Amino acid sequence: MQQEPPTDSSGFRFTPLVVVELASNVKEETITWLLSRIRDQQQNGGAELFAEQLGPSVEAQEKENPNVFLVGASWQRLLSGAEDVGLFKEYNDGSMRGFTRANKHNFKDFKGDGDGFLSMAECQYIIKHELETLRAKDETHVPGHSQAKLYPGKSIIRRLLSKGLLVQIFPLHEKEELKRLSFSWYKKVKLSLQPLDDIRHYYGEGQALYFGFLEYFTFALVPMALIGVPYYLFDWEDYDKYVVFAVFNLIWCTVILELWKRFSASLAYRWGTLSRKKAFEEPRPGFHGVLGFNPVTGREEPVYPTAKRHLRIYLVSLPFVLLCLYLSLYVMMIYFQMEGWALSVHDEDPTFWTGILLFIPSIIYAVVIEIMNLIYRYAAEFLTEWENHRLESSYQNHLVLKVLVFNFFNCFASLFYIAFVMQDMVLLRQSLATLLITSQILNQFMEAFLPYWLQRRRNKKMIRKVQKKRTLEDKELPLVEQVRLEADMSTYLGTFDDYLELFLLFGYVSLFSCVYPLAAVLVVLNNITEVYSDAFKMCQVFKRPFSDPAANIGVWQLAFEAMSVIAVVTNCALIGMSPQVKAYFPESETQLILWTVAIEHGLLAFKFILTFLIPDIPKHIQIKLSRLEFESLEALKKKRQLHGGKCWKPRSSVRLSSEEDRRPCRL
């Protein structure tokens, strides 16, 4: 049996790291079975973790769910799990290597039994991994719930999630560490870089890379903002001179993305995720199909025909997306009719109020765009779920594609129409400014003020309840109440919406900022407030998310690069439309178009050449990775020679000359 863990200061026999909440109607038989599997030793198919039920709160209510359990592990079990998940840690020579217990004392910061060697986020990630790899043995269904079918090798946790028997699994906050992080991150207003290493230590690499990209994007906008301010002040009415700014856009949007890849590679190497092998993906909890055989794993699992999924994508999802794009186009034409009406009213009687009326259609349209984006997002999630993708990565890729296509069309179609069909630079400037400012105000309200107000209400309610029984110092909640409070917090849904917002802001700046130079200034101000609002939400509003061992920003890198290609084409077209360039081709418009297309193709070729000339990984990191690979091969060669020396034995004392006279020993 597993050794009894020591009692800690919270009253539990171990340090609680992860909370597992089962549905309130789960049978006692199911709970007993699940806890036994969690606590059982690994050789018996268990997770070999500690698990205890959470007691009632200070003022227990009837609706309070009793099926809440705290999960932890011994240090030796966590070190074993670190090796299982392929965790990379810093070696004594400064390189990043995969952790192994055999070489544990050769790793930097490993002292004694290894206490403190792993961060709390890493420990929680390991526990999550061990829970998710709990597999059914010979059970045909979840005990007590015959409708929840099981088969050998099926992930128990994923089955409980898909059947609604498991409500949620989330990692607990560590109060003292969270206070220190909050103070250094957002509570102290200062002009300094974000504590990315501390963010990574507490939340993991995925979150740290997002905040790193947000910070990098903000600093990358500073040159454009510095150029934009005097450009705005001195050339405001002279739209003929936007060519210089458009050329700057062309270079800027290419260079910053290439340099970001190098910077993110440096961060990923320092955090040990650059050369970390990607974990084998299991089927999503919501994936369903006919029970079949997986030739890769050798286990039974649901199988869904690829042809059927493709039919759903191309015959249902694709037409739906096209219909939504048509509706977006229809709304855009209504906006232009409103714009024309407001302009006619102003022309008839130009007063202060009719001047304000000119901005009303753009403001209404900006609000409608945000509402349409929100409604479409829910529809896209429903459709992507209905398509029944087997892997989470496939699900995310299809969802990102749907959302990006619609959001891009919905947000930028009107600007393209004004720029290239109406060719009205004054209206383009006004529309861009209104869309950008209105969307930023709405986003700040939805992302900062609303969550802050809701969380203050929730915290005050919990504190009042506890203070009826005892006096709290500094409003610090006991562990039981803290767990209940965190369980009721909103679930953090990942960085999808955050990256989407940055993608749209990048589009506003890179596509059309040459006609509205203050766009970069507005985005810089938005990003600064975004850092503080996102940091506050992570620390105070949402449940703590599990660590995501990411090595880069994933599919969003491709999205930003695609936007930069569109930016090259757009800015070249704007340059070709400028009066200065048209003056060189007074008689032949065809010649102007041909020259514009030729230059645009040349710039695209230069852009792609630049991506090859600038390595994605800095040279010194490439050398370290190559050295590590060389040492691994040398160690493997020595190991084979060592085993060969022990196994190959001559059958006599006479020296043997032929290979046929040598025989391998049987081990």
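Note that the structure is predicted; figures quoted are calculated from it, not measured.

Undergrad: Help me understand the nonpolar core, please; the structure alone is not making it clear to me.
TA: In globular proteins that are soluble, nonpolar side chains generally tend to be buried together. Grouped together as the largest cluster of nonpolar side chains are 108 residues, with contacts concentrated most on Trp-185, Tyr-203, Trp-252, Phe-506, Phe-512 and Trp-556. Looking at which element gives the most residues to this core, the answer is helix 7 (residues 205-234), with 13 residues. Counting 45 residues, the second-largest nonpolar core is a separate cluster that includes Leu-78, Cys-123, Leu-131 and Leu-150.

Undergrad: Would you mind showing me how to read a nonpolar patch on the surface here?
TA: Side chains of Phe-352, Trp-353, Ile-356, Phe-359, Ile-360, Ile-363, Ile-364, Val-367, Ile-371 and Ile-375 sit close together on the surface and give an oily, nonpolar patch of about 960 Å² of accessible area. Of all the elements in the fold, those that place two or more residues in the nonpolar patch are helix 10 (352-357) and helix 11 (360-386). When residues in the nonpolar patch are grouped by element, the largest group, 6 residues, is from helix 11. The topology assignment puts Ile-360 in helix 11. Look at Ile-360 and you get partly exposed, because its relative accessible area is 34%.

Undergrad: Would you explain the packing of aromatic side chains in this entry?
TA: A complete count under the given rule lists 36 aromatic pairs for this structure. Their ring planes at 40° and their centres at 5.7 Å tell us that Phe-14 and Phe-50 sit as a pair that is tilted. Of the two residues, Phe-14 is situated in the segment before strand 1 (18-22) and Phe-50 in strand 2 (residues 50-53); the sequence distance between them amounts to 36 residues. Taken individually, Phe-14 and Phe-50 each receive the classification buried, so the pair is uniform in this respect. The cationic tip of Arg-97 hangs over the ring face of Tyr-91; the distance from NZ or CZ to the ring centre is 4.4 Å. Just above the ring of Phe-546 sits the side chain of Lys-128; from NZ or CZ to the centre is 5.7 Å.

Undergrad: Explain unusual backbone geometry to me, please; I cannot follow it from the model alone.
TA: As a rule of thumb, non-glycine residues mostly have phi less than zero, and peptide bonds are mostly trans rather than cis. If you check the backbone angles, Glu-48 has positive phi at about 55° while not being a glycine. With respect to the helices and strands, Glu-48 occurs in the loop between helix 1 (28-39) and strand 2. On the accessibility criterion, Glu-48 (21% relative accessible area) is partly exposed. Of note in this structure, Asp-109 is not a glycine but carries a positive phi near 70°. Note that Asp-109 resides in the loop between strand 5 (96-98) and helix 3 (120-132).

Undergrad: How should I be thinking about helix 11 in this particular structure?
TA: In an α-helix, one full turn covers 3.6 residues, which means residues spaced three or four apart are oriented alike. Here helix 11 spans 39 Å end to end across 27 residues, near enough to the 39 Å set by a 1.5 Å rise per residue. Taken residue by residue, helix 11 has Pro-361, Ser-362, Tyr-365, Ala-366, Ile-369, Met-372, Asn-373, Tyr-376, Arg-377, Ala-380, Leu-383 and Thr-384 as its buried positions. Asn-388 occupies a position one or two residues after helix 11 and carries a positive phi of about 65°.

Undergrad: Can you help me understand empty space enclosed by the protein in this one?
TA: To find leftover empty space, one rolls a probe the size of a water molecule over the atoms. Inspection of every chain in the model, using the stated rule, returns 6 cavities of 30 Å³ or more. In this structure, the largest cavity occupies an estimated 90 Å³ of space. When the residues that make up the lining of the largest cavity are grouped by side-chain class, the tally is 2 nonpolar, 3 polar and 7 charged.

Undergrad: Any chance you could explain helix 19 (residues 589-613) here in plain terms?
TA: Compared with the 36 Å implied by 1.5 Å per residue over 25 residues, the 36 Å span of helix 19 between its first and last C-alpha is a close match. Taken as a whole, helix 19 has its buried residues at Leu-592, Thr-596, Glu-600, Leu-604, Lys-607 and Leu-610. Here the buried face of helix 19 lies against helix 8 (243-271), helix 17 (555-577) and helix 18 (579-582).

Undergrad: Whenever I open this one, the side chain of Glu-122 confuses me. Can you help?
TA: Tracing the chain through its elements places Glu-122 in helix 3. Looking at Glu-122, the relative accessible area reads 7%, which means it is buried.

Undergrad: It is not clear to me how the pattern of salt bridges should be interpreted in this structure. Could you clarify?
TA: Close approach of charged atoms allows side chains with opposite charge to pair. Here the structure, examined in full by the defined rule, presents 18 salt bridges. For Glu-90, the salt bridge goes to Lys-108, with nearest N and O atoms at 3.8 Å. With Glu-90 in strand 4 (residues 88-90) and Lys-108 in the loop between strand 5 and helix 3, the pair connects residues that are 18 residues apart, well separated along the chain. Note on Lys-108: relative accessible area 40%, which makes it partly exposed. Between Asp-93 and Arg-97 there is a salt bridge, with its nearest N and O atoms 2.9 Å apart. By sharing partners, the salt bridges in this structure join Lys-89, Glu-122, Arg-200 and Glu-205 into a single network.

Criteria and thresholds
- Residues numbered from 1 in each chain as written.
- Predicted model: local features only at pLDDT ≥ 70, side-chain atom pairs only at ≥ 80, totals over all residues.
- Heavy atoms only, no water.
- Core = buried A, V, L, I, M, F, W, Y, C linked by side-chain atoms within 4.5 Å.
- Buried < 20%, exposed > 50% of the residue type's maximum accessible area, 1.4 Å probe, protein only.
- Helix = DSSP H or I, 4+ residues; strand = E, 2+ residues; numbered from the N terminus.
- Patch = residues over 30% accessible without salt bridge, like charges linked within 9 Å, V, L, I, M, F, W, Y side chains within 5 Å.
- Areas by Shrake-Rupley, 256 points an atom, 1.4 Å probe, with all protein chains shown as cover.
- Salt bridge = Lys/Arg side-chain N within 4 Å of Asp/Glu carboxyl O.
- Phe/Tyr/Trp six-rings, centres within 6.5 Å; stacked < 30°, edge-to-face > 60°.
- Lys NZ or Arg CZ within 6 Å of the ring centre and 35° of its normal.
- Expected span 1.5 Å × (residues − 1).
- 1 Å grid on protein atoms, 1.4 Å probe; cavity = no way out; pocket = protein on both sides within 12 Å on 5 of 7 lines; lining within 4 Å.
- Points joined across faces, edges and corners; volume = space filled by probe spheres on them.
- Nonpolar A, V, L, I, M, F, W, Y, C, P; charged D, E, K, R; others polar.
- Contact = heavy atoms within 4.5 Å.

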